[in-house]
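Spelled out, the chains give:
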Amino acid sequence: MRPRSSTEKQPSPHCPSSPAATIPALMFAGARDTLPLILAAIPFGILFGALAHAAGLSFIAGMAMSMIVFAGSSQFVAITLVMTAAPVLIIILATFFVNLRHLMYSAHLVSHVKHLPLPLRSIMAFWLTDETFAVVANRIHQLDSSHSVTHANLHWYYLGSALFMYSNWQLCTLLGFVLGERIPDPLDWGLDIAMVVAFIGVVAPLLKSFPMWLCAVTSFSTALLTSEWPYQSGLMFSMLMGIVVASLSSRKWTPASHKGTKT
Amino acid sequence: MNEILLILGMFLVTYSVRLLPFALAERLNFPYWLQNALSFVPVAALTAIIAPIIMYDDQGNFSPGLSNDQLVASVIAFAVAYKTKHLLLTVVAGLAAFFLLTLL
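First, a word on scope: everything that follows refers to the structure included in this document. Treat the numbers as computed from the prediction; the structure is a model and nothing was measured. Think of each chain on its own: its residues are numbered from 1, step by step along the sequence as written. Going through the entries in the order they are written, you letter the chains from A and number the ligands from 1. Local features in this predicted model are restricted to residues whose pLDDT is 70 or higher, and side-chain atom pairs enter the listing and the counts only when it is 80 or higher, whereas totals over whole chains, interfaces and linings include all residues. Here the side-chain values reflect all heavy atoms present in the structure, with hydrogen atoms and water set aside.

### Concerning the overall build of chain B
Consideration 1: Starting at the N terminus, helices and strands are each numbered in turn, a helix being any DSSP run of H or I of at least four residues and a strand any DSSP run of E of at least two. Along chain B, the regular secondary structure elements total five helices and zero strands.
Consideration 2: If you list the helices and strands of chain B from N to C, you get α-α-α-α-α.
Consideration 3: Each residue is placed in one exposure class: buried if its accessible area under a 1.4 Å probe, protein chains only, is under 20% of its type's maximum, exposed if it is over 50%, and partly exposed if it falls in between. Burial status across chain B gives 47% buried among its 104 residues.
Consideration 4: With an accessible surface of roughly 5300 Å², chain B has 70% of that area assigned to carbon and sulfur atoms. Each accessible area is a Shrake-Rupley estimate made with a 1.4 Å probe; only the visible protein chains count as cover when residues are assessed.

Printed below as a string of structure tokens:
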């Protein structure tokens, strides 16, 4: 998302890059692009269900956590803490920190949702995940590259991705809770490679400038050094390191300092 | 364990973080340096998420060599992604490489 002038983002009813795109077609495209990330999420959803059962949560509570909280990594931290009989307040605090990176995702997407009505934005925010953020960021980049003047229909793509993620997460939680330990360790299925290659497919085309490369290299190496930090604080720290180092290197403090180089 | 309190509390802290920038979208006018910083979020986040998965093996040992199937498949996927800029093609190539490597 580079800063755009206000004349460029006038919502128009049609998306020029795909004139025939209907709502179902856009939703399907979002779901289709999310498929590899769905594959990678399946073992985690099943494991979460099984752990919720093992931790002594009622069926209703296990399902409600997936349906109402809908935050994979936070749910894992929470269920692990439930097993150690941690106080509710501590669990809620841990959940907050683990999910804090979504603040940056949401802030990144702000300029692309501004024109939408508040109720729709509120629903979209609820379904914000690493996965949907990744495919939507990729979609934005593709629209930018094809010189599309509007992202007005982006929300249908977003919702297609998000609904697929959400229903898959509920189904997997249900399966895991009911079948529990009869399913052999889901994390050994090796499906997380699907997420790895999908994220690579999103990141690689974005590496078009020195600061972007520097951001990737910094985040990558910092994440390796901090992967043992508790509550995914290493992930948050690595993101921030990448962003700060890249910002400093790009020296774009004001529009004037880079006048005319980009639109 | 009060399950209702736990789930409501978790909902409030996760949803408020996701909602805040979206809800204030019309009123937020990010300064230029922040817009620039936010443009790095996808690369920073997705790279940081996958780095440990790629570079550490199942036992948690650092594994930077050719014996690491995930690493080799990732390098192939990166080459395809960089060249074609096509998400699904990247995924298919990366997965095919990974499963061929694990069969070898």
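### Here's the deal with the environment of A:Pro211
Consideration 1: Within the secondary structure, A:Pro211 is located in helix α10 (residues 210–225).
Consideration 2: Taking the C-alpha atoms as reference, A:Pro211 lies 9.4 Å from A:Arg251; in sequence the two are 40 residues apart.
Consideration 3: With sequence-adjacent residues up to four places away left out, A:Pro211 is seen in contact with A:Ala246, A:Ser249, A:Ser250 and B:Phe40. Here a residue-residue contact requires only that any non-hydrogen atoms of the pair lie within 4.5 Å.

### Description of the pattern of salt bridges
Consideration 1: A side-chain nitrogen of Lys or Arg and a carboxyl oxygen of Asp or Glu constitute a salt bridge if their distance falls within 4 Å. Counted under the stated rule, the structure contains three salt bridges over all chains.
Consideration 2: For A:Arg32, the salt bridge is made with A:Asp33, and the minimal N-O distance between the two is 3.1 Å.
Consideration 3: Looking at A:Arg32, the relative accessible area reads 35%, which means it is partly exposed.
Consideration 4: Owing to a relative accessible area of 6%, A:Asp33 belongs among the buried residues under this scheme.
Consideration 5: One salt bridge connects A:Arg121 with B:Glu26, and the closest N-O pair in it is separated by 3.1 Å. A residue pair is termed interchain when its members come from two chains, as with A:Arg121 in helix α6 (residues 118–126) and B:Glu26 in the loop between α1 (3–23) and α2 (32–38).

### Description of the packing of helix α9 (residues 192–203) of chain A against helix α3 (residues 41–55) of chain B
Consideration 1: Contact geometry of α9(A) with α3(B) gives a least axis separation of 10 Å together with a crossing angle of 145 degrees. In this structure, the crossing between α9(A) and α3(B) has a hand that is left-handed. Along its contact with α9(A), which presents A:Asp192, A:Met195, A:Val196, A:Phe199, A:Ile200, A:Val202 and A:Val203, the element α3(B) presents B:Pro42, B:Val43, B:Leu46, B:Thr47, B:Ile49, B:Ile50, B:Ile53 and B:Ile54.
Consideration 2: The classification used treats Ala, Val, Leu, Ile, Met, Phe, Trp, Tyr, Cys and Pro as nonpolar, Asp, Glu, Lys and Arg as charged, and all other residues, Gly among them, as polar. Looking at the contact of α9(A) with α3(B) residue by residue, the classes come out as 13 nonpolar, one polar and one charged. A fitted line through C-alpha atoms serves as each axis, taken over the contacting stretch for helices, and the angle formed by two N-to-C directions is quoted from 0 to 180°. By definition, turning the near helix anticlockwise from the far helix through less than a right angle yields a left-handed crossing, and turning it clockwise yields a right-handed one.

### Some thoughts on the packing of aromatic side chains
Consideration 1: Centres within 6.5 Å are what make two rings of Phe, Tyr or Trp a pair, Trp counting through its six-membered ring; a difference in plane orientation under 30 degrees is then read as stacked, over 60 as edge-to-face, and the rest as tilted. In this structure the tally under the stated criterion is 20 aromatic pairs over all chains.
Consideration 2: A centroid spacing of 6.0 Å and a plane angle of 65 degrees characterise the contact between A:Phe126 and B:Tyr15, whose relative ring orientation is edge-to-face. Highlighted residues: A:Phe126 in helix α6 and B:Tyr15 in helix α1, drawn from two different chains.
Consideration 3: Under the relative-accessibility criterion, A:Phe126 is labelled buried at 15%.
Consideration 4: Each ring, one from B:Phe11 and one from B:Tyr15, has its centre 5.3 Å from the other, and the planes form 15 degrees; the classification is stacked. Linking B:Phe11 with B:Tyr15, this pair stays in helix α1, spanning four residues, or about one helical turn.
Consideration 5: Taken together, the aromatic side chains of A:Phe70, A:Phe126, A:Trp127, A:Tyr166, B:Phe11 and B:Tyr15 make up a single cluster linked through ring pairs.

### Things to note about helix α4 (residues 69–84) of chain B
Consideration 1: For α4(B), spanning 16 residues, the distance from its first C-alpha to its last is 22 Å, which sits close to the expected 22 Å at 1.5 Å a residue.
Consideration 2: Among all positions of α4(B), only B:Gln70, B:Leu71, B:Val72, B:Ala73, B:Ser74, B:Ala77 and B:Ala81 are buried.
Consideration 3: Among the structural elements, α9 of chain A together with α3 and α5 (87–103) of chain B are those in contact with the buried residues of α4(B).
Consideration 4: Polar contacts here mean pairs of N or O atoms no more than 3.5 Å apart (in protein, one a potential hydrogen donor and the other a potential acceptor; neighbouring residues in sequence count only if both atoms are side-chain atoms). The distance from a side-chain oxygen at the start of α4(B) to the backbone nitrogen of B:Gln70 is 3.1 Å, and the residue carrying that oxygen is B:Asn68. In a helix, the anticipated span is given by 1.5 Å times the number of residues less one.

### A short note on the interface of chain B and chain A
Consideration 1: Listed per partner, the contact involves 62 residues of chain B and 93 residues of chain A.
Consideration 2: Buried area: the accessible surface (1.4 Å probe) lost by two parts on joining, summed over both. Together, the buried faces of chain B and chain A total about 7200 Å²; carbon and sulfur atoms form 79% of this surface.
Consideration 3: By the criterion of area lost to chain A, the three top residues of chain B are B:Arg18, B:Phe22 and B:Tyr32, representing 12% of everything that side buries.
Consideration 4: Counting every contact that joins chain B to chain A gives one salt bridge.
Consideration 5: Connecting chain B to chain A are 15 residue pairs in polar contact (both at pLDDT 80 or more).
Consideration 6: When contributions to the side of chain B that touches chain A are tallied by element, the ones reaching two or more residues are α1, α2, α3, α4 and α5 of chain B.
Consideration 7: Counting residues per element, the side of chain B that touches chain A draws most heavily on α1(B), at 16 residues.
Consideration 8: Taken together, the residues of the side of chain B that touches chain A break down into 47 nonpolar, eleven polar and four charged.

### Section: the side chain of A:His155
All names here are of chain A.
Consideration 1: Mapped onto the elements of the fold, histidine 155 is located in helix α8 (residues 154–179).
Consideration 2: What makes histidine 155 buried here is its relative accessible area of 10%.
Consideration 3: Once residues lying within four places of it in the same chain are set aside, the contact partners of histidine 155 are Leu116, Leu120 and Met124.

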